[in-house]
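Listed here are the chains, written in short residue letters.
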Amino acid sequence: MRRPARRDTPAGADTWSGTWVAERLGVELTGDERLPGLLGLALRRNPKRAHLLVSNVLGKHVPQAPSVVHGHGVELGRRVRELLGEEAAGRAVVLGYAETATGLGHSVADGLGTAPYLHSTRRPVAGVATAGGFEESHSHATSHLLLPEDPALLAGDGPLVLVDDEFSTGNTVLNTVRALHARYPRGRYVVVALVDMRSAADAGRLEEFGREIGARIDLVTVASGTVRLPDGVLEKGQALVAEFETAAAPSGLSAQFPAPLRGAPEVTHPGARGTARPAATGPQPAGNLTRVDLRWPAGLPDGGRHGFTPAHRTRLDAALPAMASRIATALPEKAHRVLVLGFEELMYAPLRLAAELERTTGAEVRYSTTTRSPVLAVDDPGYAIRTRLVFPAHDDPADGPGERYAYNVAGAGFDAVVAVVDSAADTPALHAPDGLLARLAEHTPHVLLAVVPSYVPAVPAVVQDAPERPATMLPEPLRGPAFSSYAPEEVGWLLQDLSDVTLEAPTEEREEAIQSGGAHYAESLPVEYQPSEQYQQLFHNALEASAARLAHAVGVVTETVLTERPRPVLVSLARAGTPVGILMRRWAQHRHGLDLPHYAVSIVRGRGIDANALRWLAAHHDPRDVVFVDGWTGKGAITRELAQAVEEFEKAEGVTGFDPEIAVLADPGSCVRTYGTREDYLIPSACLNSTVSGLISRTVLRADLVGPDDYHGAKYYRELADADLSVAFLDAVSARFDEVTEAACAEAKELLAADRTPTWEGWAAVERISEEYGIHDVNLVKPGVGETTRVLLRRVPWKVLARAGAGSDLDHVRLLAEQRGVPVEEVADLPYTCVGLIHPRYTRGATGADGTAVSR
């Protein structure tokens, strides 16, 4: 008979804390004999990996002795110092990953001794410029920011030590190195993790990547091995999670995945150099809740979010005994078993306080932290997550409210719990009846609260005088399925949802208003074109015929972008650019294992790009990483519009770094440097409107709907779901990536060595056509297959000019022209496959070549 295990730390129990998962899923943990002591297994809802490796020595999910947690990090740091040698170690910088490895990274820096420390963060801070950012595809919350107070922290040429809790595929680390190396190249990197769990297929990527960038990359871990997964393990794991999610749970003690809450505005916490946001003066603890005044040293950072130097470490070491003594004094006399509970990214300060309590008191002290990560709880000795406390987020997170968790706290027999949070998290939500403190009080007789002041660097005057609504107060991007039919990871829309507003007007009515100066084209929407069965068949034929050609162009433009900007943030110009941006993101993932951030923003001819969208991007990413994406160029009007808009934004906001260069799939107008092709051929996504663009309308900018602090708007046509071909289009092109990879990479290499300077020959052709046909307005001349299609779908067309001999690329154009009574005129030596002419000087009733409004 197995003896019962206490529900706090599986380490040392008779039963391995991965047994439950291993037996049910057939999972095997192989490798170093220390692995079972270091790791357990749990389950989570995740489309890519159902199992979760749970560390017994990290101090995140499993309460552990603080000396063990800190000791593992310090020992790894000492090994890194030995590896580098004293001279190189003296120039090293340590970078840890939020949220799980912030404390581990800090402990590694302690072991190195002289290294400054920085950790990534998911908390944007107004006025602090980003030194980079990256996505973590497997995580529940993917966006990481780097916000050093000193911009030079990452700019040196000494070794960069990257610390994560586990090294599973290597994607996150490689993506980070790729991004930072492009900006701050150096000759040496050291990757540090508690465990190396890479598969054989991933094992050689680190060395190969080092050769690719010309740098040495070493790996230092405590133990190594791999997880062997049988066929069908993901489906089995998902079924198990679904089964146990439905289990009933008492208040706050949950074995379920409650639905996350969304939609609250973002809040920033201003402060000044050497100062901190003061602790909340709101609800005070009552009953068995006691607040402890730590008397945290003024100006000492609470962690590595903005950098933590050896000098800071010296100050903290000196202050720790007195702060721990204040906690010890507040503990009840009979508190023999005490948990110090940290808060999400705030891991290091609580860890050091716990370690000092362990050293100076007779209590059995354990340490763990709360987390954003939802994991299934199963009360079994062979399972790593025995219990789970659920409570609302209490730090006004940037991505809106949601639920947070504390694992293996309930049922662990703690006489007292010391909750350590930063002052940004000392809010009414923390003290609410369903808040963290109340949840803890249900499972321990004494709860203490210690608040560490949130350190925020000084905000430059230009930011303090910024508009009333700072960028970090803007809403998070809209994502599918709530907005658009694309998967949520494919694109985030920096738009506001106007789906409930009637914006559509008859095409002829819109055209008359636009040409008379009575309205701007972006103030209303055309009625969505409903394709005939014949036209739909043309789309499918065109997609089948051109999918490989499109895949090739996607590969060329993406490889070009990645060579010139290794870790780009893709920003599509909605809506034509959005499918192209998604395809580029898919290529980067397929070819390089990169999970690139991708957003869609609005740009309106004559009105510029959405400045609020740029503000949000600048707050969450380095503007120098942003690559604007569009479907194709015509005469280059949007290229010019974007350049002017970015220049005006930089002057108005004082934010620099955005490059107005556009990357496009097709550049028949020779207007840009970065393109997949300069041929003018059919891109099937131009054939349709919203039904090939995620069911999103074109963007809207109207004063009564879009205020100065709002994103531009768009509609989500949910009612057209039965006709939606958006994902089918993407999948058809993505399916051809393998067959075109070699040719696309070769062409990209040739293009990178060639002169790609735009000639603007398309603009010259448009000016000539405008005069030859008596139009005298280049805005009414729409060159290229894509723009001609738009004219036929959304405007009042006059004529279509087709290059003599143009073939099947124009089948859909000829059909649309026939349906609208518009002549197609063949023209020799036309620089485009076709050109659409909007009816000039339009009045209602004028249509086709015999319209009464125009005579030649």
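So, on to the overall build of the protein chain. Summing up its helical and strand segments, the protein chain has 24 helices and 34 strands in all. Within the protein chain, contacts between residues at least 6 apart in sequence are counted, and of these 77% link residues at least 24 apart. Of the roughly 31700 Å² of accessible surface on the protein chain, a fraction of 50% belongs to carbon and sulfur atoms.

Next up on the list: the sheet that holds strand E33 (residues 824-827). Taken in spatial order, the 4 strands line up as E31-E34-E32-E33 in an open sheet, and their pairing is mixed. Among the strands making up the open sheet, the edge pair consists of strand E31 (781-783) and E33. This sheet shows a mean twist of 25° between the axes of neighbouring strands, independent of strand direction. Note that strand E32 (residues 797-803) and strand E34 (residues 834-838) share 5 bridges and pair antiparallel. Following the sheet pairing, Ala802 is matched in E34 by Cys834.

Now for the packing of helix H6 (residues 171-183) against helix H8 (residues 205-213). Taken N-terminus to C-terminus, the directions of H6 and H8 make an angle of 10°; their axes are 11 Å apart at the nearest point. It follows from the interaxial angle that H6 and H8 lie roughly parallel. On H8, the residues touching Asn171, Leu174, Val177, Arg178 and His181 of H6 are Arg205, Leu206, Phe209, Glu212 and Ile213. Of the residues belonging to the contact of H6 with H8, the class tally is 5 nonpolar, 2 polar and 3 charged.

Per-chain confidence: the protein chain averages 82 in pLDDT, with 84% of residues scoring 70 or above. Taken element by element, the predicted model of the protein chain shows its lowest mean pLDDT in strand E11 (residues 276-277) (36) and its highest in strand E14 (residues 364-370) (98). Of the regions scoring below 50 in pLDDT, residues 136-142 engages in 21 contacts with residues more than four places distant in sequence or in other chains. Every residue in residues 248-287 is under pLDDT 50, and counting partners more than four places away or in other chains gives 104 contacts.

We now examine the pattern of salt bridges. According to the stated counting rule, one finds 41 salt bridges in the structure shown. In this structure, Arg34 and Asp32 form a salt bridge, with 3.0 Å as the shortest nitrogen-oxygen distance. Residue Arg34 is classed as partly exposed on the basis of its relative accessible area, which comes to 44%. Across the pair Arg123 and Asp395 runs a salt bridge whose closest N-O atoms are separated by 3.5 Å. Here the residue Arg123 occupies a position in the loop between strand E5 (117-119) and strand E6 (132-135), and Asp395 occupies one in the loop between strand E15 (388-392) and strand E16 (403-407), the gap between them amounting to 272 residues. For Asp395, a relative accessible area of 8% gives the class buried. Three or more residues are tied together by salt bridges with common partners; here these are Asp110, Arg313, Asp317 and Arg352.

This next bit is on the packing of aromatic side chains. Within the structure shown, the criterion is met by 10 aromatic pairs. When the ring of Tyr486 is compared with that of Trp493, the centres are 6.4 Å apart and the planes differ by 10°; the resulting orientation is stacked. In terms of burial, Tyr486 and Trp493 fall into one category: buried. Ring centres of Phe649 and Phe658 lie 6.0 Å apart, and the angle between their planes is 70°; on these two criteria the pair is classed as edge-to-face. A relative accessible area of 5% means that Phe649 is categorised as buried. Given a relative accessible area of 5%, Phe658 falls into the buried group.

Under the 1.5 Å per step criterion, the end-to-end length of helix H17 (residues 577-592) is 22 Å for 16 residues, consistent within 8% with the ideal 22 Å. The element H17 is largely enclosed, with a buried count of 12 among its 16 residues. Positive phi appears at Gly593, one or two residues downstream of H17, with a value of about 70°.

In terms of burial, helix H18 (residues 611-620) is a largely internal element, 9 of the 10 residues being buried. Looking at H18, one finds that the buried residues are Asn612, Ala613, Leu614, Arg615, Trp616, Leu617, Ala618, Ala619 and His620. Capping of H18 at its N-terminal end is provided by Asp610; its side-chain oxygen lies 3.0 Å from the backbone amide nitrogen of Asn612.

Let us now look at the nonpolar core. Ranked by internal contacts, the top residues of the largest apolar core, which has 109 residues, are Leu43, Val161, Val192, Tyr383 and Leu440. Contacts of Tyr383, omitting those with residues within four sequence positions, involve Ser17, Trp20, Val21, Leu41, Ala42, Leu43, Leu376, Ala377 and Val378. Met584, Ala663, Tyr675 and Ala714 belong to the second-largest nonpolar core, a separate cluster that totals 98 residues.

So, on to unusual backbone geometry. Most peptide bonds take the trans form, and the phi angle of most residues other than glycine is negative. Note the cis peptide between Ala98 and Glu99, where omega equals -10°. Tracing the chain through its elements places Glu99 in the loop between strand E4 (93-96) and helix H5 (102-112). Note the cis peptide between Gly480 and Pro481, where omega equals 0°. One non-glycine residue, Arg295, lies in the positive phi region at around 60°. Its place among the elements puts Arg295 in the loop between strand E12 (289-292) and helix H10 (310-330).

As a further point, take the pairing of strand E18 (residues 447-452). Burial within E18 is extensive, with 6 of its 6 residues counted as buried. The alternating pattern of E18 places Val447, Leu449 and Val451 and Leu448, Ala450 and Val452 on opposite faces, both of which are buried. Bridge count between E12 and E18: 4 bridges; the pairing is parallel. Bridge pairing in E18 places Leu289 opposite Val447. As defined by bridge partners, strand E17 (residues 416-422) adjoins E18 across 6 bridges and the pair is classed as parallel. Residue pairing across strands places Val417 opposite Val447, the latter belonging to E18.

Another aspect to go through is the sheet that holds strand E9 (residues 188-196). Strand order in the open sheet formed by 6 strands is E1-E10-E9-E8-E4-E5, and the pairing between neighbours is mixed. What marks the edges here is a single partner per strand, and that holds for strand E1 (28-31) and E5. On average, each strand axis in the sheet is tilted by 25° relative to the strand beside it, whichever way the strands run. Here E1 runs beside strand E10 (residues 216-228); their pairing, made up of 4 bridges, is antiparallel. Note that in E10 the partner of Glu28 across the bridge is Arg228. Sitting on the sheet, helix H3 (residues 66-84) is in contact with strand E8 (160-167), E9 and E10, with an inclination near 135° to E10. Contacting E8, E9 and E10, H8 runs over the sheet at an angle of about 155° to E10.

Thresholds applied
- Residues numbered from 1 in each chain as written.
- Predicted model: local features only at pLDDT ≥ 70, side-chain atom pairs only at ≥ 80, totals over all residues.
- Heavy atoms only, no water.
- Helix = DSSP H or I, 4+ residues; strand = E, 2+ residues; numbered from the N terminus.
- Contact = heavy atoms within 4.5 Å.
- Areas by Shrake-Rupley, 256 points an atom, 1.4 Å probe, with all protein chains shown as cover.
- Pairing = 2+ DSSP bridges.
- Axes fitted to C-alpha atoms, helices over the stretch in contact; angles between N-to-C directions.
- Parallel < 35°, antiparallel > 145°, perpendicular 65-115°, else oblique.
- Nonpolar A, V, L, I, M, F, W, Y, C, P; charged D, E, K, R; others polar.
- pLDDT = per-residue confidence, 0-100.
- Salt bridge = Lys/Arg side-chain N within 4 Å of Asp/Glu carboxyl O.
- Buried < 20%, exposed > 50% of the residue type's maximum accessible area, 1.4 Å probe, protein only.
- Phe/Tyr/Trp six-rings, centres within 6.5 Å; stacked < 30°, edge-to-face > 60°.
- Expected span 1.5 Å × (residues − 1).
- Polar contact = N/O pair within 3.5 Å; in protein donor to acceptor, adjacent residues only side chain to side chain.
- Core = buried A, V, L, I, M, F, W, Y, C linked by side-chain atoms within 4.5 Å.

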